[in-house]
Amino acid sequence: MFLLLTSACQPSCPMMARSFRVCDSPLLTGFLLRQIWARAARRSTEHAGRSYSTKPARLPRMEYQDAVCTLNTLQTNANYLELVKRERGQPQMQLEAMRLFLQRTGLRVEDLDQLNIIHVTGTKGKGSTCAFSEHILRNCGLRTGFYSSPHLVQVRERIRINGQPISKELFTKYFWQVYNRLDETKDAHYGSMPAYFRFLTILAFHVFLQEKVDLALIEVGIGGAYDCTNIIKKPWVCGVSSLGVDHTSILGDTIEKIAWQKGGIFKPGVPAFTVKQPENPMKVLAERAQEIGCHLQVCPDLEQYESDKQHLQLGLAGGHQRSNATLALQLCRSWLQRWGRHEAFLSLPKTELLSSHWPALAPAFQPSPAMVTGLRDTKWHGRSQTIRNGPISYFVDGAHTTRSMLACVRWFREAVAEQERTAE
């Protein structure tokens, strides 16, 4: 997160006595705004006895900058932390709170069924899986929505239509529609407003419905079972990417407990796919699927889709992206078949054997041309990305678990070696 201060920026809000430009820096921005608003309130009190015009006040035009500043005031504060502590003992409260916030904006949970959702969770690779899937389905001529987190530079990156972050104009328009509805109803709900991620999730649903996307890819924030995205009741297909140990204070301190949380996005009668997992968490996922009434299948290795005539190329570098790509292929095939696109997905012979404790192996198939080019052309900034600027190369990636860091190191070594080979 960044905060850039500049005297050249002219604020659109007259209360902002000192001008500043915000680049999505939440806590510090919120602090500055509170200081500015407090100063404005003091001045208003000092001038209370003076005579003013009876003409109606001219409301300031709400700009993108104002929307970002206001959004950042929804970041975690002491009151919200206390709420999270209370909800942790009663996790269902989180989903109920989300349902009420959604209702206050004029939406019902049932309205989300119109989005034909692909819901994806996992510890590592869920964003890349969604990126592959989005590009494939866009190549099929569909209008896609994609909600992900976190963002790299601007918050608009979290809400994409047809692969592109929504414009500043659209973000501003829909932000104030949602924010004002919540603000107008907060007094009847003990002054409550959704925190940052909850608000953005509601905003994404609102944008996708208003912009009439054919489908929405929704990436889980943390966990699955009690994540605010899990207010979705009828996704078209669910996916679980590679599992690991993270967010232990929220999800549990073992990979089995984390797998239980991730499997919480499964829904009755909805197909689900997962990549190969360690034995114990795979067993937990299988039990969760059986308990919920969901048909879970394991994705085959990516080479099972290939032949002597067709080798799949990936737009995202690193060997770890191959499991994300096979998950994306299965999610897209399942979604397209329900949509009514009856491409001839020729099933290929199975050559893998899975543990008897595992769910069934999903069939490999011959990817359509749209799938092949989708995998090849996918771009996801900040993930295994090489940026060249003259004689300098920047290698950009991120990791938040030990296994992710090792994958990052492997990719870096491979990328440097490849660059040295091509330079010879």
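Please refer to the structure higher up on the page.
The following refers to the structure shown. (Residues numbered from 1 in each chain as written. Predicted model: local features only at pLDDT ≥ 70, side-chain atom pairs only at ≥ 80, totals over all residues. Heavy atoms only, no water.)

### Regarding the overall build of the protein chain
Here comes step 1: Within the protein chain, the regular secondary structure consists of 13 helices and 13 strands.
Here comes step 2: Counting only residues that meet the buried cut, the protein chain has 49% of its 424 residues in that class.
Here comes step 3: Of the accessible surface of the protein chain, which amounts to about 21300 Å², a share of 53% is contributed by carbon and sulfur atoms. (Helix = DSSP H or I, 4+ residues; strand = E, 2+ residues; numbered from the N terminus. Buried < 20%, exposed > 50% of the residue type's maximum accessible area, 1.4 Å probe, protein only. Areas by Shrake-Rupley, 256 points an atom, 1.4 Å probe, with all protein chains shown as cover.)

### Focus: the nonpolar core
Here comes step 1: Core analysis: the biggest nonpolar cluster contains 42 residues, and Leu 71, Leu 115, Phe 171, Phe 199, Leu 203 and Phe 208 have the highest contact counts within it.
Here comes step 2: If you list the elements that add at least two residues to this core, you get helix H2 (64-72), helix H4 (92-104), strand E5 (159-161), helix H6 (168-185), helix H7 (196-210) and strand E7 (215-219).
Here comes step 3: The element that contributes the greatest number of residues to this core is H7, accounting for 10 residues. (Core = buried A, V, L, I, M, F, W, Y, C linked by side-chain atoms within 4.5 Å.)

### Some details on the pairing of strand E12 (residues 385-389)
Here comes step 1: Judged from the five bridges that link them, E12 and strand E13 (residues 392-396) form a sheet pairing that is antiparallel. By the bridge assignment, Gln 385 is partnered in E13 with Val 396. (Pairing = 2+ DSSP bridges.)

### Here we look at a nonpolar patch on the surface
Here comes step 1: Together, Ile 387, Ile 392 and Tyr 394 line one region of the surface with nonpolar side chains, adding up to about 270 Å² of accessible area.
Here comes step 2: With respect to the helices, strands and loops of the structure, Ile 392 is situated in strand E13.
Here comes step 3: Its relative accessible area of 42% is what places Ile 392 among the partly exposed residues. (Patch = residues over 30% accessible without salt bridge, like charges linked within 9 Å, V, L, I, M, F, W, Y side chains within 5 Å. Salt bridge = Lys/Arg side-chain N within 4 Å of Asp/Glu carboxyl O.)

### Describing the sheet that holds strand E3 (residues 118-121)
Here comes step 1: Taken together, the nine strands give an open sheet; going across it, the order is E6-E5-E4-E7-E3-E8-E9-E10-E11, and neighbouring strands pair in mixed fashion. Each of the sheet's edge strands pairs with one partner strand only, and the pair in question is strand E6 (164-165) and strand E11 (360-361).
Here comes step 2: Looking at chain direction, strand E4 (residues 144-147) and E7 are connected through four bridges and run parallel. Across the sheet, residue Gly 145 finds its bridge partner in E7, namely Ala 216.

### Examining the packing of helix H9 (residues 255-262) against helix H10 (residues 279-292)
Here comes step 1: The contact between H9 and H10 brings their axes to 8 Å, and the two run at 30°. Of the possible angle classes, the one that applies to H9 and H10 is roughly parallel. The way H9 lies across H10 gives a crossing that is right-handed. Listed contacts from H10 to Ile 255, Glu 256, Ala 259 and Trp 260 of H9 are Asn 280, Pro 281, Val 284, Leu 285 and Arg 288.
Here comes step 2: Here the residues of the contact of H9 with H10 sort into six nonpolar, one polar and two charged. (Axes fitted to C-alpha atoms, helices over the stretch in contact; angles between N-to-C directions. Parallel < 35°, antiparallel > 145°, perpendicular 65-115°, else oblique. Left-handed = near helix turned anticlockwise from the far one by under 90°. Contact = heavy atoms within 4.5 Å. Nonpolar A, V, L, I, M, F, W, Y, C, P; charged D, E, K, R; others polar.)

### A closer look at the pattern of salt bridges
Here comes step 1: On inspection of all chains with the given rule, the structure shows 12 salt bridges.
Here comes step 2: In this structure, Lys 257 and Asp 253 form a salt bridge, with 3.1 Å as the shortest nitrogen-oxygen distance.
Here comes step 3: The exposure class assigned to Lys 257 is partly exposed, which follows from its relative accessible area of 45%.
Here comes step 4: Glu 303 is the partner of Arg 322 in a salt bridge, and the nearest nitrogen-oxygen pair spans 3.5 Å. A residue pair is termed long-range when its members are at least 10 positions apart, and Arg 322 in helix H11 (residues 321-339) and Glu 303 in the loop between strand E10 (296-298) and H11 qualify at 19 residues.
Here comes step 5: In this structure Arg 322 comes out as partly exposed when scored by relative accessible area, which is 27%.
Here comes step 6: The network of salt bridges with common partners includes Glu 303, Glu 306 and Arg 322.

Everything listed here is a matter of coordinates, which is why it stays silent on function.
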